[in-house]
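Chain by chain, the residues:
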Amino acid sequence: MGRAFVYVILGGGVAAGYAAQEFVKRGVSHGELCIISEEPVAPYERPALSKGFLLPEGIELILGTRVKSADVRRKTLLTVTGETISYKILIVATGARALKLEEFGVTGSDAENVCYLRDLADATRLVSVMQSCKDGNAVVIGGGYIGMECAASLVINKINVTMVFPEAHCMGRLFSPKIASYYEEFYKSKGVKFIKGTVLTSFDLNSDGKVTAVSLRDGSKLPADMVVIGIGIRANTSLFEGQLTLEKGGIKVNGKMQSSNTSVYAVGDVAAFPVKMFAETRRLEHVDSARKSARHAVAAIMEPEKTGEFDYLPFFYSRVFTLSWQFYGDNAGEVIHFGDFSGKTFGAYWINKGHLVGSFLEGGTKEQYEGIAKATRLKPAIEDLGELERQGLGFALTA
Ligand code: FAD
Ligand code: NAD
């Protein structure tokens, strides 16, 4: 049994949705393009986990179907249902999977009141677990994006939250200690408790198999009606190991998002691509890069002569409670903070090898965010850090 398509998108997430939109915008004939996704629904905007599906008409959708092997030499994919799908061009948009506690030697995270959050099914489950423990206690494991965003949502839903993570401060991959401290104090004012510098070692389970408490390495035990886990992700590269060049945990691609096999492109969280402005290969785990890399790959496939190298300015953001921040560039080098850390608007610049390479702003206006993006893109030389600190946000707005 088999079907053949010109273009196959493997994966049904954000990058897949944007790639499909771009194909349709540029014109594909009926039946030329197929999306294969393990999820039972069409691609959707993951950050909101809303049901705003991304898909235009006229595309063959093979949903609820996992691809179990790929043969890039023969240009075929084999699904778990035993179907062989062949392609001329493949776009790999398999994203990533949430890391499981079991991978750190802890058992029991399959209990019904323990939640991970990656897809729509996880989100639906998380909401139902949350609704069943009104006024109860949640333990949030991990101090990254999922931990911070879920903790805020749980508090808003009147759940008592304790966050547990191994680092000295939250959002260790991005925030400086000073920035992190602002958010931690804000969270504390909303009732969130922090237990830092330790990890979960085991769960207490009742006779129904539900978690009732978590034990930590520091010897403490926390009562828990539910547990949310956000301890990072791994890119879904396994289908292509030994067939495509991998780097930084992802599929290595060039500036056209093309892998080491010229018929295979990779986009979104699974792609490790050259970030021109840092002259380095990076794998990013954010929605803006998923959308733009997907569009770029389709442009490179359909109009190769007109499409240059992907030139991407990394962009991350989050919104929690009444707070909202944006970050552009790279958080490498020395940090210069500016603004009012006891007020609403403050930020930071990162200076590496004499150039401004990254900018962070909390509580900015649209124009201010555009300003820091533009200034970061220019990578201006910085001679006097004290002067930069004195000028603060004004520096970016006049750069
Ligand atoms: P995904 O969206 O993960 O899609 C991968 C798809 O591939 C899935 O449909 C999966 O089922 C499918 N798949 C994988 N393997 C197979 C296989 N073998 N066979 C068939 N199908 C397969 N980023 C931000 O910048 N801002 C935010 O506010 C933000 N919020 C987020 C909130 C949540 C809850 C989550 C989970 C992520 C958030 N992100 C955010 C990150 C952002 O959603 C990801 O960077 C983005 O989804 C990556 O898109 P992707 O298409 O590469 O991967
Ligand atoms: P993350 O990498 O942001 O954070 C992982 C956190 O896990 C670390 O900060 C650390 O505190 C913790 N940790 C690591 N090992 C641990 C262990 N053994 N025990 C306890 N804690 C441990 O990953 P995440 O928060 O799980 O987010 C998953 C993905 O979703 C990421 O790719 C992220 O970029 C994406 N996401 C992004 C946004 C956004 O951009 N606003 C929002 C939600 C999710």
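Calculation rules
- Residues numbered from 1 in each chain as written.
- Chains lettered and ligands numbered in written order.
- Predicted model: local features only at pLDDT ≥ 70, side-chain atom pairs only at ≥ 80, totals over all residues.
- Heavy atoms only, no water.
- Salt bridge = Lys/Arg side-chain N within 4 Å of Asp/Glu carboxyl O.
- Helix = DSSP H or I, 4+ residues; strand = E, 2+ residues; numbered from the N terminus.
- Buried < 20%, exposed > 50% of the residue type's maximum accessible area, 1.4 Å probe, protein only.
- Phe/Tyr/Trp six-rings, centres within 6.5 Å; stacked < 30°, edge-to-face > 60°.
- Lys NZ or Arg CZ within 6 Å of the ring centre and 35° of its normal.
- Pairing = 2+ DSSP bridges.
- Polar contact = N/O pair within 3.5 Å; in protein donor to acceptor, adjacent residues only side chain to side chain.
- Right-handed = clockwise from strand over helix to strand, strands pointing away.
- Axes fitted to C-alpha atoms, helices over the stretch in contact; angles between N-to-C directions.
- Left-handed = near helix turned anticlockwise from the far one by under 90°.
- Contact = heavy atoms within 4.5 Å.
- Nonpolar A, V, L, I, M, F, W, Y, C, P; charged D, E, K, R; others polar.

Novice: Would you explain the pattern of salt bridges in this entry?
Specialist: A side chain of one charge can pair with a side chain of the opposite charge if their charged atoms are brought near each other. One pass over the structure, following the stated rule, counts 24 salt bridges. As a salt-bridge pair, K248 and E280 come within 3.6 Å of each other at their nearest N and O atoms. Of this pair, K248 sits in the loop between β17 (246-247) and β18 (250-252) while E280 sits in strand β21 (residues 280-283), placing them 32 residues apart in sequence. Here E280 falls in the partly exposed class, since its relative accessible area comes to 36%. Across the salt bridge formed by D288 and K292, the nearest N and O atoms sit 3.1 Å from each other. With D288 and K292 both in helix α5 (residues 287-302), this residue pair falls four residues apart, about one helical turn. The exposure class assigned to D288 is buried, which follows from its relative accessible area of 9%. Among the charged side chains, a salt-bridge network with shared partners connects E22, K25, R26, R295, E303 and K306.

Novice: Whenever I open this one, the packing of aromatic side chains confuses me. Can you help?
Specialist: Two descriptors summarise a pair of aromatic rings, namely the distance from one centre to the other and the angle between the planes of the rings. Applying the stated criterion across every chain yields a total of 24 aromatic pairs. Between F165 and F194, the ring centres sit 6.2 Å apart and the planes meet at 80°, which makes this aromatic pair edge-to-face. In this pair, F165 sits in strand β10 (residues 160-165) while F194 sits in strand β11 (residues 193-196), placing the two residues 29 residues apart along the sequence. This pair shows no difference in class: F165 is buried, exactly as F194 is. Through pairs of rings, three or more aromatic residues link up here, namely Y145, F175, Y182, Y183, W325, F341, F346 and F360. Sitting over the face of the ring of Y116, K100 holds its NZ or CZ atom 4.9 Å from the ring centroid. Looking at K178, its charged tip hangs above the ring of F341, at a distance of 4.6 Å from the centre.

Novice: How do you make sense of unusual backbone geometry when you look at a structure like this?
Specialist: Of all residues except glycine, most have a negative phi; of all peptide bonds, most are trans. The backbone of D135 shows a phi angle near 60°, a positive value even though the residue is not glycine. One can find D135 in the loop between α2 (120-131) and β9 (137-141). By relative accessible area, which is 57% here, D135 ends up exposed. For K248, which is not a glycine, the phi torsion comes out positive at approximately 50°.

Novice: I keep staring at the sheet that holds strand β20 (residues 271-275) and nothing clicks. Help me out?
Specialist: The strands that make up a sheet pair up through hydrogen bonds in the backbone, lying either parallel or antiparallel. Strand order across the open sheet formed by four strands is β17-β18-β20-β21, with mixed pairing between neighbours. Among the strands making up the open sheet, the edge pair consists of β17 and β21. Pairing of β20 with β21, which is carried by four bridges, proceeds in the antiparallel orientation. Bridging across to β21, A272 finds its partner in R283.

Novice: Help me out: how do you make sense of the environment of E280 in this one?
Specialist: Sequence separation between E280 and R3 is 277 residues, and the spatial gap between their C-alpha atoms is 39 Å. Reaching out from E280, the side chain makes a polar contact with the side chain of R282 at a distance of 3.0 Å.

Novice: Just to check I follow, could you spell out the pairing of β10 for this structure?
Specialist: Along a regular strand, successive side chains alternate from one face of the sheet to the other. With respect to burial, β10 is a largely interior element, five of its six residues being buried. Chirality of the crossover, the property in question, places the unit of β9, helix α3 (residues 145-156) and β10 among those that are right-handed. Note that β10 and β11 share four bridges and pair parallel. Across the sheet, T162 pairs through a bridge with K193, a residue of β11. Handedness of the crossover joining β10 and β11 through helix α4 (residues 177-189) is recorded here as right-handed.

Novice: Explain the sheet that holds β10 to me, please; I cannot follow it from the model alone.
Specialist: Sheet architecture is open: five strands sit in the order β8-β15-β9-β10-β11, paired in parallel fashion. The open sheet has two free edges, formed respectively by β8 (114-115) and β11, since each of these has just one partner strand.

Novice: Just checking my understanding: could you explain the packing of helix α1 (residues 14-26) against α5 for this structure?
Specialist: A pair of packed helices is captured by two measures, namely the crossing angle of their axes and the spacing between those axes. For the pair α1 and α5, the least separation of the axes is 8 Å and the interaxial angle reads 35°. The interaxial crossing formed by α1 with α5 has right-handed handedness. When α1 is examined against α5, the residues V14, A15, Y18, A19, E22, F23 and R26 are found in contact with a partner set consisting of V287, A290, R291, A294, R295, V298, A299, I301 and M302. Of the residues contributing to the contact of α1 with α5, the split by class is twelve nonpolar, no polar and four charged.

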